[in-house]
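# Chains, contacts and geometry: an overview
Listed here are the chains, written in short residue letters.
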Amino acid sequence: MGTAGSRNQEIHDVVGIGFGPSNLSLAIALEEHQTTSPGQPVKAAFFEQQAEFGWHRNMLLPNATMQISFLKDLATFRNPTSRFSFVSYLHAAGRLVQFVNNQDFFPTRREFHGYLEWAAAQVADRVSYGSRVTAIRPVPGGVAGVADLLDVEVSGPTGTRVVRTRNVAVSTGLVPRLPAGVTSDERVWHSSEFLAKFGAADKAGLRSVAVVGAGQSAAEIARYLHDNLPAAQVSAVVPSYGYTVADDTPFANQIFDPAAVDEYYFGGARARDAFWRYHRNTNYSVVDSDVIRDLFQRTYDEQVEGAKRLHFRNLTKVAEVRRVGDRTRLVLDALLDGEPQHLDVDAVVFATGYDVLDPARLLGDFDRNFLRDEAGRHQVERDYRLVSSVELGCGVYLQGGTEHTHGLSSSLLSNIAVRSGEIADSIVLRRAEQQLTQERAVVRAAA
Ligand code: FDA
Ligand code: NAP
């Protein structure tokens, strides 16, 4: 197929861009809608750039556990009887009884990945893997000049094609962030590349390594390197005075509840600001307490043994990275020492976090039709649809990138089951309203 669509080509109700947990959850919500309302089928297609389903594969470290309860899966909070629940997966895998005996709300990330793959396999007929979406464009024309269709350009194994749809659900995920001036290469890695880059490296050449950052990724990678490079010096460059614990206590955890989305969305600027001021430490630049204790135990054991190879550079940031011969030099901005310091390593992992999803690049010129707030961020309706400045019959829904409008769960799994249900409902409802409007117009014209 070419890159130009024609007005009579097949039309989808929704095209999902990216097929991580968020759009997988949407595919499930639509599948279940089909079962409960067989008279109103929703035509959906999903495109994923990876060759197969994968959820942060480069961070599937052994022992890394989930940061949410297994009940916050792809479906349960929306439909507790769903056949796509984590409990159904355990049952199918023959592990339900032993999982309960294990008495742990937080499965390993590897087990949860198995669950996500199992669920993805059940909706595989709607997903094209190895397919990268490169642009979204409005189709010229439409009823009374109102754009009602979108063309989605997809680059895949057989070339580029265009898929036509009434709505898109953009769910392209977090974007890895490196400090300004730092670029990744075979010795400088972002945490999102970790296992692939570590797997490809010559381990004997890794005598001294550093991990930059004080979030969950940094702490897990420091622990992994300490385990897997038993002769290497491992340095943790930590901007705080030490790792800070992630608050997952029950009252604080309520900010991830479905109800908190309404309170954040309708709460006003001061309330939204308070969410962040009091509760940023539930998610960002924080580490689960068991990982903190594990790392501290290691450094204490090394003191007892008199053989120290796990080093912490506290109150320190990386200001610059230079190549010196075959080594990598980190220029450190250490608050306690004042003078810039150097740390030469064979490899460095920047666990320096992520930027949020921004749909502007995919929308190109079309983005001009969507309103932004005074801080330049997209305005988003409660049903996760971008607010447009002109009347549009087509919709751009966001799964992610809505922290400023819908709150802290935007980039997380906590609310995806409910959010996907709300998006599915919105697509069905708006389609029904449009059909009604068009039918009335036909009746008026005939009268
Ligand atoms: P995700 O990033 O998972 O998926 C986006 C997909 O879109 C990717 O598969 C990508 O390849 C694809 N894509 C991107 N651009 C594309 C394009 N142009 N065309 C086609 N495909 C495209 N949260 C939580 O609540 N509990 C947890 O335990 C964790 N654990 C965790 C571990 C690690 C290591 C990280 C980095 C993050 C977490 N998170 C988390 C947060 C994380 O954002 C969340 O778990 C999900 O990945 C969010 O799912 P999404 O589908 O929105 O994005
Ligand atoms: P993060 O929480 O954003 O942490 C980034 C860290 O990098 C912060 O400590 C930041 O310090 C630091 N940093 C940034 N620039 C720096 C510099 N130049 N020098 C030194 N330090 C620098 O990122 P993350 O740890 O990748 O976590 C992202 C998300 O993934 C979170 O939701 C997390 O829960 C999730 N995650 C989950 C798991 C799991 O489920 N097991 C594993 C990993 C990640 P400042 O605070 O000063 O900015």
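Please read all numbers here as calculations on a predicted model, not as lab measurements. (Residues numbered from 1 in each chain as written. Chains lettered and ligands numbered in written order. Predicted model: local features only at pLDDT ≥ 70, side-chain atom pairs only at ≥ 80, totals over all residues. Heavy atoms only, no water.)

## Brief notes about the environment of threonine 36
Mapped onto the elements of the fold, threonine 36 is located in helix α1 (residues 21-36). Each C-alpha atom of the pair threonine 36 and glutamine 399 lies 24 Å from the other, and the pair is 363 residues apart in sequence. Within the structure, the side chain of threonine 36 is placed 3.1 Å from the backbone oxygen of histidine 33, a separation counted as a polar contact. (Helix = DSSP H or I, 4+ residues; strand = E, 2+ residues; numbered from the N terminus. Polar contact = N/O pair within 3.5 Å; in protein donor to acceptor, adjacent residues only side chain to side chain.)

## Quick word on the domain arrangement of the protein chain
Note: interface size is frequently given as the accessible area lost on complex formation between the parts. For the protein chain, the assigned domains are domain 1 (11-173 + 357-446), domain 2 (176-246 + 283-354) and domain 3 (250-282). On a C-alpha basis, the centroid separation for the pair domain 2 and domain 3 is 32 Å. Each partner contributes to the interface: domain 2 provides 6 residues, whereas domain 3 provides 4 residues. Applying the counting criterion to the domain 2 and domain 3 interface returns 0 salt bridges. Applying the counting rule to domain 2 against domain 3 returns 2 residue pairs in polar contact (both at pLDDT 80 or more). Taken together, the residues of the side of domain 2 that touches domain 3 sort by class into 4 nonpolar, 2 polar and no charged. (Domains from an automatic or database assignment. Contact = heavy atoms within 4.5 Å. Salt bridge = Lys/Arg side-chain N within 4 Å of Asp/Glu carboxyl O. Nonpolar A, V, L, I, M, F, W, Y, C, P; charged D, E, K, R; others polar.)

## Examining helix α2 (residues 86-93)
Along α2, the positions that sit buried rather than exposed are Phe86, Tyr89 and Leu90. Taken down its axis, α2 places every buried residue within 100 degrees of arc, on the same side. Residues of α2 that are exposed and point over 90 degrees away from its buried face: His91 and Ala92. Each element contacted by the buried residues of α2 is listed here: α3 (96-102) and α4 (109-122). Glycine 94, located one to two residues past α2, shows a positive phi value of around 75 degrees. (Buried < 20%, exposed > 50% of the residue type's maximum accessible area, 1.4 Å probe, protein only. Arc of directions from axis to C-beta.)

## So, the pattern of salt bridges
Throughout the structure, instances matching the rule amount to 29 salt bridges. Across the pair aspartate 355 and arginine 177 runs a salt bridge, and its minimum N-O distance is 2.8 Å. Residue aspartate 355 is found in strand β18 (residues 354-355), and its partner arginine 177 is found in the loop between β9 (175-176) and β10 (188-190); the two are separated by 178 residues along the sequence. Classification of aspartate 355 by relative accessible area gives partly exposed; the value is 36%. Judged by its relative accessible area of 36%, arginine 177 is partly exposed. With a closest N to O distance of 2.6 Å, aspartate 294 and arginine 298 form a salt bridge. Of this pair, aspartate 294 and arginine 298 both sit in helix α10 (residues 289-305), 4 residues apart, roughly one helical turn. A network of salt bridges, in which partner residues are shared, links Glu31, Arg83, Asp125 and Arg126.

## Points about the nonpolar core
Counting 40 residues, the largest nonpolar core has Phe19 and Leu24 as its most contacted members. Listed by contribution, the elements that provide at least two residues to this core are α1, β3 (44-47), α2, α4 and α13 (416-446). Per element, the largest residue contribution to this core is 6 residues, and it comes from α1. Once residues lying within four places of it in the same chain are set aside, the contact partners of leucine 24 are Phe19, Phe53, Leu74, Leu116, Ala119, Ala120 and Val123. The next biggest cluster of nonpolar side chains, apart from the first, holds 31 residues, and it includes Met59, Leu225, Ala232 and Leu310. (Core = buried A, V, L, I, M, F, W, Y, C linked by side-chain atoms within 4.5 Å.)

## Notes on the site of ligand 2
The full set close to ligand 2 counts 22 residues, and Gln67, Ser217, Glu220, Asn283 and Ser285 are the nearest of them. At a separation of 2.9 Å, a nitrogen atom of ligand 2 approaches a polar backbone atom of threonine 65. For ligand 2, whose unbound accessible area comes to 930 Å², protein coverage reaches 82%. For the shell around ligand 2, the elements supplying multiple residues, two or more each, are α6 (216-228) and β14 (316-324). Examining the composition of the shell around ligand 2, we find that 3 residues originate from one element, α6, more than from any other. (Near = heavy atom within 4 Å. Areas by Shrake-Rupley, 256 points an atom, 1.4 Å probe, with all protein chains shown as cover.)

## Here's the deal with the site of ligand 1
Taken together, 28 residues lie around ligand 1, and Ser22, Glu48, Gln67, Ser411 and Leu413 are the ones closest in. Contact distances for ligand 1 include 3.0 Å between an oxygen atom and a side-chain N or O atom of glutamine 50. A distance of 2.9 Å is found between an oxygen atom of ligand 1 and a backbone nitrogen or oxygen belonging to glutamine 67. When ligand 1 is considered free in solution it has 980 Å² of accessible area, and contact with the protein chains removes 90% of it. When residues of the shell around ligand 1 are traced back to their parent elements, those giving at least two are α1 and β5 (132-138).

## What to know about unusual backbone geometry
With glycine set apart, most residues show a phi of negative sign, and most peptide bonds adopt trans. Positioned with a positive phi, glutamine 103 is a non-glycine residue whose angle comes to about 50 degrees. Tracing the chain through its elements places glutamine 103 in the loop between α3 and α4. Residue class for glutamine 103 comes out exposed when judged on its relative accessible area of 72%. A positive phi is found at serine 285, a non-glycine position, where the angle reads about 55 degrees. Here serine 285 lies in the loop between α9 (269-279) and α10.

## Considerations on the packing of aromatic side chains
Evaluated as defined, the whole model comprises 25 aromatic pairs. Pairing phenylalanine 86 with phenylalanine 112 gives two aromatic rings, centres 5.7 Å apart and planes at 25 degrees, and the pair type is stacked. Of the two residues, phenylalanine 86 sits in helix α2 while phenylalanine 112 sits in helix α4, which places them 26 residues apart along the sequence. By the burial criterion, phenylalanine 86 is buried, and phenylalanine 112 matches it. Over the ring of tryptophan 55 we find arginine 109; its NZ or CZ atom is 4.1 Å from the centre of that ring. (Phe/Tyr/Trp six-rings, centres within 6.5 Å; stacked < 30°, edge-to-face > 60°. Lys NZ or Arg CZ within 6 Å of the ring centre and 35° of its normal.)

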